[in-house]
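Residues per chain, in single letters:
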Amino acid sequence: MMVATTEKNMWAVELLDAAKTYGKTIQALRGVNVQVGRGEIFGLLGPNGAGKSTLVKIMMTVIKPDRVRGTVLGQPVGHRATMARIGYLPEAHRFPAYLTGAQLLDYFAALAKVSRSDRRGRAARLLERVGMSQWANTKISKYSKGMLQRLGIAQALMNDPDLVVLDEPTDGLDPIGRRHVRELLLELKAAGKTIFLNSHLLSELEQVCDRVVILVAGSVAKQGTLGELMQHTLEYRIVAEGDLSKRDGEIKRLGGRIDGDTITLDHQNRAKVNEVIDLLRSGGHLIESVTPKRFSLEDIFVEAMGHATTPDGGIPMGKPVARPS
């Protein structure tokens, strides 16, 4: 028998009207709404100071908001029993240097009330999964930054969480390490976990995220699936020989613009593309290429930054921040 998904249980995370002011004037969050579907990989994007880590810390009850409504895993934000079902890797985490990697995982799992019988086997499996088995009994003081990051990811999974919250999970990792993290995230998704990522590496998020939200100056600039965000930005580029300037008026009528030997049409209307091609052929122009281009997540991010302003009309990147986000 199938259980219908209700409005209440369809979201793993639903944060509504989240606001936080540091001191009297630094508005880190200005009434942010974020919804994360169950079993998806969700990306939180934004420039430094946008409020990303502030939002994560509010969700994880690390800091107290001015206001917030909503739920995490179906319970109010901060519900104690529910917090035990969340795995968390903070940004710029610090681990006791005198512990070994295996001891650290055992310690955090014990804090999450994982049974002693489960802790040892789970730690061994996770250390192997993140490529740290040979360093299990080495003190953390000997670890490199990348090794610490791998250990941190393993730590976040020791309680077999339903929701995994990772703040800059690939920080300090080389390209091979970042690829391993992407593979692990997809494995977790396949196992039914919900992943909440905060990262500034747009190319990394683009490869794994189902949906993203872009924060600018403490407000949501864009939110949706990657398909939704990218669909409207599809354009076609037609490269042709000959003097195209003589066709400028007709090209503009069809929604295109000319730049040298290239015509760009900022839409998905393939009928218009064919009309442009027919127009060029009738004028004796040789078509060299017709290329569809879907904008990247970086393009969308830059577009969001360009369109965003603060409530007082200022430029987002120029606003002071209390701490790095």
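Residues numbered from 1 in each chain as written. Predicted model: local features only at pLDDT ≥ 70, side-chain atom pairs only at ≥ 80, totals over all residues. Heavy atoms only, no water.

Caption draft 1: The pattern of salt bridges, seen in detail. Taken as a whole and assessed by the stated rule, the structure comprises 11 salt bridges. Among the salt bridges present, the one from Arg 85 reaches Asp 162, with a minimum N-O distance of 2.9 Å. Within this pair, whereas Arg 85 is found in the loop between helix H2 (80–83) and strand E6 (86–89), its partner Asp 162 is found in the loop between helix H5 (145–156) and strand E7 (163–167), the two being separated by 77 residues in sequence. Arg 247 serves as the salt-bridge partner of Glu 250, at 3.4 Å between the closest nitrogen and oxygen. Given a relative accessible area of 30%, Glu 250 falls into the partly exposed group. (Salt bridge = Lys/Arg side-chain N within 4 Å of Asp/Glu carboxyl O. Helix = DSSP H or I, 4+ residues; strand = E, 2+ residues; numbered from the N terminus. Buried < 20%, exposed > 50% of the residue type's maximum accessible area, 1.4 Å probe, protein only.)

Caption draft 2: Representation of the sheet that holds strand E3 (residues 41–45) within the structure. The sheet built from six strands is open, its strands ordered E6-E7-E8-E3-E9-E10 with mixed pairing. Whereas interior strands pair on both sides, the edge strands pair on one side only; in this sheet they are E6 and strand E10 (219–225). Sheet twist, expressed as the average angle between the axes of neighbouring strands with direction ignored, equals 15°. Across the sheet, helix H1 (residues 52–59) lies against E3, E6, E7, strand E8 (194–198) and strand E9 (211–216), angled at about 140° from E8, the strand it touches most. Across the sheet, H5 touches E6 and E7, and the angle it forms with E6 is around 165°. (Pairing = 2+ DSSP bridges. Axes fitted to C-alpha atoms, helices over the stretch in contact; angles between N-to-C directions. Contact = heavy atoms within 4.5 Å.)

Caption draft 3: Molecular detail of the packing of helix H3 (residues 101–111) against H5. Relative to each other, H3 and H5 sit at 30°, their axes nearing to 9 Å. When the axes of H3 and H5 are compared, the pair comes out roughly parallel. Both H3 and H5 take part in a crossing whose hand is right-handed. Contact residues: H3 offers Gly 101, Leu 104, Leu 105 and Phe 108, while H5 offers Leu 151, Ala 154 and Gln 155. Each residue belonging to the contact of H3 with H5 can be placed in one class, and the counts come to five nonpolar, two polar and no charged. (Parallel < 35°, antiparallel > 145°, perpendicular 65-115°, else oblique. Left-handed = near helix turned anticlockwise from the far one by under 90°. Nonpolar A, V, L, I, M, F, W, Y, C, P; charged D, E, K, R; others polar.)

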